[in-house]
Amino acid sequence: MTLRIAVLASGRGSNLQAILQAIGAGTLDAEVVGVFSDKPAAPALRQVPASRRWSARPGAFPDRAAYEAALSDAVAAVNPDWVVCAGYMRILGDAFIARFRGRLLNIHPSLLPRYRGLHTHARAIEAGDAEHGASVHFVIPELDAGAVVAQVRVPVLPDDTPEALAARLLPREHALLVAVLRLASEGQLAEQGNITRCHGQPLLNPLSLDSADRLAL
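One structure accompanies this document, and this report is about it.

Cut-offs used in this document
- Residues numbered from 1 in each chain as written.
- Predicted model: local features only at pLDDT ≥ 70, side-chain atom pairs only at ≥ 80, totals over all residues.
- Heavy atoms only, no water.
- Phe/Tyr/Trp six-rings, centres within 6.5 Å; stacked < 30°, edge-to-face > 60°.
- Buried < 20%, exposed > 50% of the residue type's maximum accessible area, 1.4 Å probe, protein only.
- Helix = DSSP H or I, 4+ residues; strand = E, 2+ residues; numbered from the N terminus.
- Expected span 1.5 Å × (residues − 1).
- Bend = angle between axes of the 7 residues up to and from the residue.
- Pairing = 2+ DSSP bridges.
- Axes fitted to C-alpha atoms, helices over the stretch in contact; angles between N-to-C directions.
- Parallel < 35°, antiparallel > 145°, perpendicular 65-115°, else oblique.
- Left-handed = near helix turned anticlockwise from the far one by under 90°.
- Contact = heavy atoms within 4.5 Å.
- Nonpolar A, V, L, I, M, F, W, Y, C, P; charged D, E, K, R; others polar.

This part covers the packing of aromatic side chains. Applying the stated criterion across every chain, the model contains 5 aromatic pairs. With a centroid separation of 5.6 Å and 75° between ring planes, the pair formed by Phe61 and Tyr67 is classed as edge-to-face. We classify Phe61 as partly exposed; its relative accessible area is 25%. Each ring, one from Phe96 and one from Phe100, has its centre 4.9 Å from the other, and the planes form 45°; the classification is tilted. In this pair, Phe96 and Phe100 are both assigned in helix α3 (residues 94-100), 4 residues apart and thus about one turn of the helix distant. Summarising the burial analysis for this pair, Phe96 and Phe100 share the class buried. Taken together, Phe36, Trp54, Phe61 and Tyr67 form an aromatic cluster joined through their ring pairs.

Put into structure tokens, the structure is as follows:
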């Protein structure tokens, strides 16, 4: 069965583009049924037809709860199998997370549990890390703290800037997200409590994406 994916994005939508390209190439059996943004001018929205776009400024609502209720209802209306936060820059509230818990994923540019939150590339360089990376994890109310499904790693070079490191990581980040969604499309990914289950078995450690874009223990 073709996977129905709803994507939340706040910016350019490069991860969304990677998903759409994989679908177009026939390497991901999925359909992006909606793109949702807190930024009405976000370039990500333009990657899908107008009928599949939803956006609203949070400031136009009386409070955060009202905005999130509207967002939650809009996402639910497209009947997604999975909801993917791909560069969505707002922290999701408990009610939204509870509604989609277990089928709500985020991609984060660090090797979690390292560097939750922002400025991850600069923080990795400042810490003198030998490697950096990205993680796909289930979303829970605590920021960037849900069970990690899979990670990809890149080296940190001696002369790296945050911008250079981000550019080196980005294509691997795209490949990681597509690989995890492919696993989901095969019905082989689930969250049980705070544990990821893959092929029915609990993952004690995140899967790793290899150089051939394959996920392995």
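Picking up after the structure, the text goes on.
In this section: helix α5 (residues 162-185). Taking 1.5 Å as the rise per residue, α5 with 24 residues should run 34 Å; its terminal C-alpha atoms sit 33 Å apart, in good agreement. At Leu170, α5 is bent by approximately 35°, the largest bend along its length, and proline Pro171 sits one to four residues beyond. Where α5 ends, the next residue or the one after it, Gly187, has phi of about 75°, a positive value.

Ordered by their spatial adjacency, 9 strands build an open sheet running β3-β2-β1-β4-β5-β6-β7-β11-β12, and the pairing between neighbours is mixed. Every interior strand has two partners, whereas the edge strands, β3 (53-55) and β12 (215-216), have only one. When strand β4 (residues 82-85) meets strand β5 (residues 104-108), the two strands line up parallel, connected through 3 bridges. Of the residues in β5, the one forming a bridge with Val83 is Leu104.

Moving on, we get to the packing of helix α1 (residues 14-25) against α5. The geometry of α1 relative to α5 is characterised by a closest axis approach of 9 Å and an angle of 55° between their N-to-C directions. Taken together, the axis directions place α1 and α5 in an arrangement best described as oblique. For α1 against α5, the interelement crossing comes out right-handed. Touching Ser14, Asn15, Ala18, Ile19 and Ala22 of α1 are Leu170, Glu173, His174, Leu177, Val178 and Leu181, all from α5. Considering only residue class, the contact of α1 with α5 consists of 7 nonpolar, 3 polar and 1 charged.

This part takes up unusual backbone geometry. Backbone torsion omega between Leu112 and Pro113 reads 15°, so that peptide bond is classified as cis. Tracing the chain through its elements places Pro113 in the loop between β5 and α4 (120-126). One non-glycine residue with positive phi stands out, namely Asp144, at about 50°. With respect to the secondary-structure elements, Asp144 resides in the loop between β6 (131-138) and β7 (148-155). The class of Asp144 is buried, set by a relative accessible area of 10%.

Structural measurements only, silent on function.
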